[in-house]
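Residues per chain, in single letters:
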Amino acid sequence: MAEKFDLIVIGGGPGGYVAAIRAAQLGFKTACVDMFTGKDGKPAPGGTCLNVGCIPSKALLDSSKHYHHLQHDYGAHGISMKDTAIDVATMIARKDGIVKKLTGGVTQLFKGNKIAYYHGKGRLMAGRQVQVTLSDGGEIQQLEADNVILASGSVPIQIPNVEFDGKYIVDNVGALDFDSVPATLGVIGAGVIGLELGSVWNRLGSEVTLLEALPDFLPIADRDVSKQAAREFKKQGLDIRLGTLVKSAAVKKNKVIVNLEDKNGESQLTFDRLLVCVGRKAYTEGLLDEDSGVQLTANGQIQVDDQSRTTAPGVWAIGDCVRGPMLAHKASEEGIAVAELIAGKPAHIHFDTVPWVVYTEPEIAWVGKTEQELKDAGVDYKTGSFPFAANGRALAGGNPAGLVKMLADAETDEILGVHILGANASELISECVVAMEFQGSSEDLARIVHAHPTLSEAVHEAALHVDKRAIHRGN
Ligand code: FAD
Ligand code: NAD
């Protein structure tokens, strides 16, 4: 006999576990099936984000930032220290401790919300039956529910002739767990993971080379931001080679030999380690029985409508396994929206105001449209900008790099996009998200009192500059 639930969530990442908690809050008898096993061999709900994504990468970014500042920046403050060293094992253990705390926290949240947690692999059958193969022992359990949410996440894309081996040629999982600082690190793909994890190992002393196929750097960001960011990263020692196609890679005598082609023809590079991060794809392996009624799109994502309904009645899908940006906060908000829709409540996600953040130094954050997108769409817009070099708090904190750039509708002044390169951009962007969510204008932000001295004054000045009345820069 199958155990009956109101809702079963397959996948316990930030999409799935958040959906399960919201559903339980709404009074649904809820189960969450997740197969992630932690480094210690124990169940570790939280998905890619908590285990091998957002959180561990930020832990290492933080450790490496302290080390880098100690070596390069503290001298200007009059602080000196002899014999600085990085103990990679301690740094990795700290990161693992944070991951363990958070995945343990999810287990506690499941208990507190009376969510039945199954550690195993779920397979959706016809009629919203879910077959769970338990990780411990392989026993099979049958569950069924009125509604099922699929939140199976994503996995790294592999490129031809470059095989992951988990030691020399790695994905994000391997690059979060190197046991020493590689003298040289090759990175295929100068996207978000390449920049974040490339920064980690670069700050710790690796010579990092990023091999990017596209001719432009970070085209997803506004061009003014990506141009300045490229300059900053170059100063930090990241060697970013655009227009570079990797043909193959092979491990020989503990080194990785990479064959590539660029505008100068074919050549070869040798690295101690190679990180491949050329994007991620939806993960649905073993998830769907042929009778499940759920269809996939041509690129392997689970097909959903605007409100995350799949092609099977009562089956929903959220997060990285469906369309839209592969971001943890997008997955979580979709999960909350679906739980509320199931409860008959109104719910929606405004995809235009999902913020993006790249946690490099300086950080990159944006919301809404880029200038290129507005141009392409033929929208009449105005721009305002403000450099952090003219912001007192940024100078006091030793963070003069970067700018805030605001785009507003030429006629209505509604904010259409904000792009920030600078310290704490990840936090500064929230004000802009709120303003856009309320359909605010640059005038609205210009009239709000911003505390002094704060980095947020740069947002204020950029808003003033849209109307060419910034105070601390020429207009
Ligand atoms: P996932 O987090 O991938 O979770 C899916 C879960 O489902 C996994 O535990 C998986 O094991 C499980 N699962 C899959 N199939 C089954 C099955 N059949 N049965 C049972 N369980 C199953 N995003 C941000 O917003 N900010 C960041 O800073 C950020 N940093 C990142 C850094 C790295 C290195 C990486 C790789 C990603 C990062 N991301 C970041 C992206 C973020 O991790 C994902 O967008 C997010 O985890 C997606 O959530 P999800 O719930 O859809 O899927
Ligand atoms: P990405 O899409 O950010 O970057 C991949 C890069 O690889 C692109 O610049 C692409 O042009 C390049 N590329 C593709 N094929 C290539 C090839 N054959 N040779 C050389 N370059 C190639 O993907 P990612 O860095 O792997 O990250 C995956 C996703 O995870 C991100 O898109 C993002 O959604 C999520 N993520 C988010 C954060 C964050 O929010 N801070 C951090 C890490 C990851």
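For the structure, see preceding data.
Not measured: the values here are computed from a predicted model.

About the criteria used
Residues numbered from 1 in each chain as written. Chains lettered and ligands numbered in written order. Predicted model: local features only at pLDDT ≥ 70, side-chain atom pairs only at ≥ 80, totals over all residues. Heavy atoms only, no water. Pairing = 2+ DSSP bridges. Helix = DSSP H or I, 4+ residues; strand = E, 2+ residues; numbered from the N terminus. Axes fitted to C-alpha atoms, helices over the stretch in contact; angles between N-to-C directions. Salt bridge = Lys/Arg side-chain N within 4 Å of Asp/Glu carboxyl O. Near = heavy atom within 4 Å. Polar contact = N/O pair within 3.5 Å; in protein donor to acceptor, adjacent residues only side chain to side chain. Areas by Shrake-Rupley, 256 points an atom, 1.4 Å probe, with all protein chains shown as cover. Nonpolar A, V, L, I, M, F, W, Y, C, P; charged D, E, K, R; others polar. Expected span 1.5 Å × (residues − 1). Buried < 20%, exposed > 50% of the residue type's maximum accessible area, 1.4 Å probe, protein only. Contact = heavy atoms within 4.5 Å. 1 Å grid on protein atoms, 1.4 Å probe; cavity = no way out; pocket = protein on both sides within 12 Å on 5 of 7 lines; lining within 4 Å. Points joined across faces, edges and corners; volume = space filled by probe spheres on them.

**A few points about the sheet that holds strand β11 (residues 245-252)**
Next, step 1: Ordered by their spatial adjacency, 3 strands build an open sheet running β11-β12-β13, and the pairing between neighbours is antiparallel. The sheet is open, and its two edges are formed by β11 and β13 (265-271), each paired on a single side. Neighbour-to-neighbour, the strand axes of the sheet open up by a mean angle of 20°, direction not taken into account.
Next, step 2: The pairing of strand β12 (residues 255-262) with β13 spans 7 bridges and is classified as antiparallel. Bridge pairing in β13 places asparagine 259 opposite glutamine 268.

**Side note on the pattern of salt bridges**
Next, step 1: Tallying each qualifying case throughout the model produces 26 salt bridges.
Next, step 2: Where arginine 123 meets aspartate 289, a salt bridge forms, and the shortest distance between an N and an O atom there is 3.6 Å. Linking arginine 123 in strand β3 (residues 116-124) with aspartate 289 in the loop between β15 (280-282) and β16 (315-317), this pair joins segments that are 166 residues apart in sequence.
Next, step 3: A salt bridge links aspartate 224 to lysine 405, with the nearest nitrogen and oxygen atoms 2.7 Å apart.

**Details of the site of ligand 1**
Next, step 1: Residues in contact with ligand 1 amount to 39 residues; listed here are only the nearest, Asp34, Thr48, Lys58, Gly122 and Asp320.
Next, step 2: Contacts to ligand 1 include proline 14, whose backbone N or O atom sits 3.4 Å from an oxygen atom.
Next, step 3: Here an oxygen atom of ligand 1 sits 2.8 Å away from a polar atom, N or O, in the side chain of aspartate 320.
Next, step 4: The protein chains hide 94% of the 1,000 Å² of surface that ligand 1 would expose on its own.
Next, step 5: Mapped onto the shell around ligand 1, the elements with two or more residues apiece are β2 (30-34), α2 (47-52), α3 (54-72), β3 and α8 (328-342).
Next, step 6: The leading source of residues in the shell around ligand 1 is α2, at 4 residues.
Next, step 7: Of the residues assigned to the shell around ligand 1, the class counts are 17 nonpolar, 17 polar and 5 charged.

**Observations concerning helix α11 (residues 425-437)**
Next, step 1: Compared with the 18 Å implied by 1.5 Å per residue over 13 residues, the 18 Å span of α11 between its first and last C-alpha is a close match.
Next, step 2: Along α11, the residues that are buried comprise Ala425, Ser426, Leu428, Ile429, Cys432, Val433, Ala435 and Met436.
Next, step 3: The inward-facing, buried residues of α11 abut β17 (356-358), β18 (363-368), β21 (415-422), α12 (442-447) and α13 (456-466).

**Regarding the layout of surface pockets**
Next, step 1: When its volume is computed, the second largest pocket comes out at roughly 910 Å³.
Next, step 2: Lining of the second largest pocket is provided by 29 residues; of these, Lys65, His69, Glu361, Gly398 and Asn399 occupy positions nearest its centre.
Next, step 3: Here the lining of the second largest pocket takes 7 residues from α3, the largest share from any one element.
Next, step 4: Within the lining of the second largest pocket, the residues separate by chemical class into 9 nonpolar, 11 polar and 9 charged.

**Here we look at the side chain of threonine 353**
Next, step 1: With respect to the element layout, threonine 353 can be found in the loop between α8 and β17.
Next, step 2: Engagement of the side chain of threonine 353 in a polar contact is seen with the side chain of glutamate 437, the distance being 2.6 Å.
Next, step 3: When sequence neighbours within four positions are dropped, the list of residues in contact with threonine 353 reads Val367, Val433, Met436 and Glu437.

**Some remarks on unusual backbone geometry**
Next, step 1: For the bond from glutamate 361 to proline 362, the omega torsion is 0°, close enough to zero to count as cis.
Next, step 2: Mapped onto the elements, proline 362 comes out in the loop between β17 and β18.
Next, step 3: Note the cis peptide between histidine 452 and proline 453, where omega equals -10°.
Next, step 4: By secondary structure assignment, the location of proline 453 is in the loop between α12 and α13.
Next, step 5: In the Ramachandran plot, arginine 128 falls in the positive-phi region, its phi being about 55° despite a non-glycine side chain.
Next, step 6: Looking at the element boundaries, arginine 128 is found in the loop between β3 and β4 (129-134).
Next, step 7: For arginine 128, a relative accessible area of 24% puts it in the partly exposed group.
Next, step 8: Positive phi is not limited to glycine here, since asparagine 161 has a value of about 65°.
Next, step 9: Structurally, asparagine 161 can be placed in the loop between β6 (154-156) and β7 (169-170).

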